[in-house]
Amino acid sequence: MPETPTTSEPDEEIRTDLPHTARIWNYWLGGKDNYVVDQEVGEEIRRLHPGIGEYARADRRFLHRAVRHLVTECGIRQFLDIGTGLPTADNTHEVAQRLAPESRVVYVDNDPIVLAHAAALLTSSPEGRTSYLDEDLRNTDTILAQAGKLLDLSRPVALVLLGVVMFVEDDEEARGIVRRLMDALPTGSHLVLSHTITRPDMPDVDAAVAFWNEHGTPRLTQRPPGAVAGFFEGLRLLEPGVVSCNRWRPDPAPGGEPAGEVAMFGGVARKP
């Protein structure tokens, strides 16, 4: 039977008068869990950075391909997905359990908007388990202690951090969070991470981020590709390394032409 989720009421009121990153992301992905204020800001960001819709879709497809690879090629059956965001099609547990129904997934987020939708995330296969933790990314010890109630932390786990460490402004703090989480996981565990970047040939991205940080919550921090690669220090990066999310082991495209890069870079690495 699926794990019975333990969730609580959101600690703070869901603000529908302020744009919010999870709802704007949902809007770009074609979801319905957003409001007019999110749509207006989302459209202004799209005007500044016309490729932002592909940016969101590329990150989502990267998740699908990474989970598929980890299940089919690496034998991973446990996932700790922190910074879950609003549910859309093919969440982590859906991709994993479609391939290996016994897979277990723990989702973590501290956003009241996501918490209100937690039940939608927790529809597990009968053979597997899913659970949801209302916790902040920075509280690594609590996350690991609670996740250990469902996951066997003595066996390999895939730590999924998609578009979440970019909300930690301090570089050393952000790297420390990732390091503490991976240090607690055994050999054979994997890190899946994506992060928005800044690069001289992508000035429209900088303008869009500046607009977001002026009008939306929470604020996000861009990092150059080299700094994103730094999150994988001490791990064995899988080919092709840290690249634009839509270029990480892409499915065959018509004509065989590589997709244009998006400003969300990601990679997958194994703990030796």
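Cut-off values and rules
- Counting restarts for each chain, with residues numbered from 1 along the sequence as it is written.
- Where totals are concerned, whole chains, interfaces and linings use all residues; where local detail is concerned, this predicted model gives features only for residues with pLDDT of at least 70, and gives and counts side-chain atom pairs only at 80 or more.
- Side-chain metrics in this entry use all non-hydrogen atoms of the structure; hydrogen atoms and water are not considered.
- Where helices and strands are cited, they refer to DSSP runs of H or I of at least four residues and of E of at least two residues respectively, numbered from the N terminus.
- Working definition: with a 1.4 Å probe on protein chains only, accessible area under 20% of the residue-type maximum means buried, over 50% means exposed, and in between means partly exposed.
- We call two residues contacting when some pair of their heavy atoms lies within 4.5 Å.
- A 1.4 Å probe and the Shrake-Rupley method give the accessible areas. Residues count as covered only by the protein chains that appear here.
- Each residue carries a pLDDT score, the predictor's own confidence in it, on a scale running from 0 to 100.
- We define a polar contact as two N or O atoms separated by no more than 3.5 Å, with the added condition that, inside protein, one atom must be a possible hydrogen donor and the other a possible acceptor, whereas residues neighbouring each other in sequence contribute only through side-chain atom pairs.
- As used here, the term nonpolar core means buried Ala, Val, Leu, Ile, Met, Phe, Trp, Tyr and Cys residues forming a set that is joined through side-chain atoms within 4.5 Å.
- Planes of paired rings set the category: under 30 degrees apart is stacked, over 60 is edge-to-face and the rest tilted, where pairs are Phe, Tyr or Trp rings (Trp by its six-membered ring) whose centres lie within 6.5 Å.
- Expected span of a helix: the number of residues minus one, times 1.5 Å.
- Helix axes are fitted only over the stretch in contact, all axes being lines through C-alpha atoms; the angle between N-to-C directions runs from 0 to 180 degrees.
- Note that the term roughly parallel is reserved for angles under 35 degrees, roughly antiparallel for angles over 145, roughly perpendicular for angles of 65 to 115, and oblique for everything else.
- Here is the rule for handedness: rotate from the far helix to the near one, and if that takes an anticlockwise turn smaller than a right angle the crossing is left-handed, while a clockwise turn gives right-handed.
- The criterion for strand pairing is that DSSP finds at least two bridges linking the strands in question.

A.B. asks: It is not clear to me how the overall build of the protein should be interpreted in this structure. Could you clarify?
C.D. replies: Across its full length, the protein holds ten helices and eight strands. Buried positions account for 51% of the 272 residues belonging to the protein. For the protein, restricting intrachain contacts to residue pairs at least 6 apart in sequence, the fraction spanning at least 24 positions comes to 74%. As displayed, the protein has an accessible area near 12,300 Å², and 50% of this comes from carbon and sulfur atoms.

A.B. asks: What am I meant to see in the confidence of the model for the protein here?
C.D. replies: Fine structural detail should not be taken from predicted coordinates in areas where pLDDT scores are low. Here the protein shows a mean pLDDT of 87. Residues at 70 or above account for 90%. Of the regions scoring below 50 in pLDDT, residues 1-11 engages in 22 contacts with residues more than four places distant in sequence or in other chains.

A.B. asks: Got a minute to help me understand the environment of S125 in this structure?
C.D. replies: By the secondary structure assignment, S125 is in the loop between helix 6 (118-121) and strand 3 (129-134). Engagement of the side chain of S125 in a polar contact is seen with the backbone oxygen of P101, the distance being 2.5 Å.

A.B. asks: Please clarify how the nonpolar core should be interpreted in this entry.
C.D. replies: The nonpolar side chains of a soluble globular protein tend to be buried with one another. Core analysis: the biggest nonpolar cluster contains 79 residues, and F79, L80 and L161 have the highest contact counts within it. In terms of residues, this core owes the most to one element, helix 3 (residues 52-72), which gives ten residues. Discounting residues that sit within four places of it in the chain, L161 has contacts with I82, L137, V178, L191, V192, L193 and S194.

A.B. asks: Sorry if this is basic, but what is going on with the environment of K271 here?
C.D. replies: Tracing the backbone shows K271 in the segment after strand 8 (264-270). Counting along the chain gives 113 residues from K271 to A158, while the straight-line C-alpha distance between them is 9.9 Å. There is a polar contact of 2.4 Å between the side chain of K271 and the backbone oxygen of L185.

A.B. asks: Explain the packing of aromatic side chains here, please?
C.D. replies: Aromatic ring pairs are defined here through the distance separating the ring centres and the angle between the ring planes. Applying the stated criterion to the full structure yields one aromatic pair. Between F62 and W248 the ring centres are 5.7 Å apart and the planes differ by 80°, which places this aromatic pair in the edge-to-face class. Taken as a pair, F62 in helix 3 and W248 in the loop between strand 7 (243-244) and strand 8 lie far apart in primary sequence, 186 residues in all.

A.B. asks: Can you help me understand helix 9 (residues 203-215) in this one?
C.D. replies: In an α-helix, one turn spans 3.6 residues; hence positions three or four apart end up facing the same way. Counted at 1.5 Å a residue, the expected span for helix 9 with its 13 residues is 18 Å, and the 19 Å between its end C-alpha atoms agrees. Where helix 9 is concerned, the buried positions are V205, A208, V209, F211, W212 and N213. Buried-residue contacts for helix 9 involve helix 1 (21-28), helix 2 (36-48) and strand 5 (190-196).

A.B. asks: For this particular structure, what's the right way to read the packing of helix 2 against helix 9?
C.D. replies: Two quantities define a packed helix pair, namely the angle between the axes and the distance from one axis to the other. Axis separation between helix 2 and helix 9 bottoms out at 8 Å; the angle between their running directions is 155°. Of the possible angle classes, the one that applies to helix 2 and helix 9 is roughly antiparallel. Considering the relative orientation of helix 2 and helix 9, their crossing is right-handed. On the side of helix 2, the interface is formed by V41, E44, I45 and L48, while helix 9 contributes D204, A207, A208, F211 and W212.

A.B. asks: Explanation requested: helix 8 (residues 171-183) in the structure shown.
C.D. replies: Taking 1.5 Å per residue as the helical rise, helix 8 with its 13 residues ought to reach 18 Å, and the 18 Å between its terminal C-alpha atoms agrees with that figure. Along helix 8, the residues classified as buried are A174, G176, I177, V178, L181 and M182. Buried residues along helix 8 sit in contact with strand 1 (78-82), helix 7 (140-147), strand 4 (158-162) and strand 5. Two or three places before E172, at the opening of helix 8, D170 has a side-chain oxygen 3.2 Å from that residue's backbone nitrogen.

A.B. asks: I keep staring at the pairing of strand 4 and nothing clicks. Help me out?
C.D. replies: Most of strand 4 sits inside the fold, with five of its five residues counted as buried. Pairing of strand 1 with strand 4, which is carried by three bridges, proceeds in the parallel orientation. By the bridge assignment for strand 4, D81 is matched with V160. Sheet analysis places strand 4 next to strand 5, joined by five bridges and oriented parallel.

A.B. asks: Which parts of the structure should I look at to understand the pairing of strand 2 (residues 104-109)?
C.D. replies: Both faces of the sheet carry side chains from a regular strand, because those side chains alternate between them. Counting buried residues along strand 2, five of its six residues qualify, which places the element largely inside the surrounding structure. Two elements, strand 1 and strand 2, share five bridges in a ladder whose sense is parallel. Residue Q78 lies in a different strand from strand 2, and its bridge partner there is R104. Pairing analysis gives six bridges linking strand 2 to strand 3, with the strands arranged parallel. In the strand pairing of strand 3, V108 is matched with L133.

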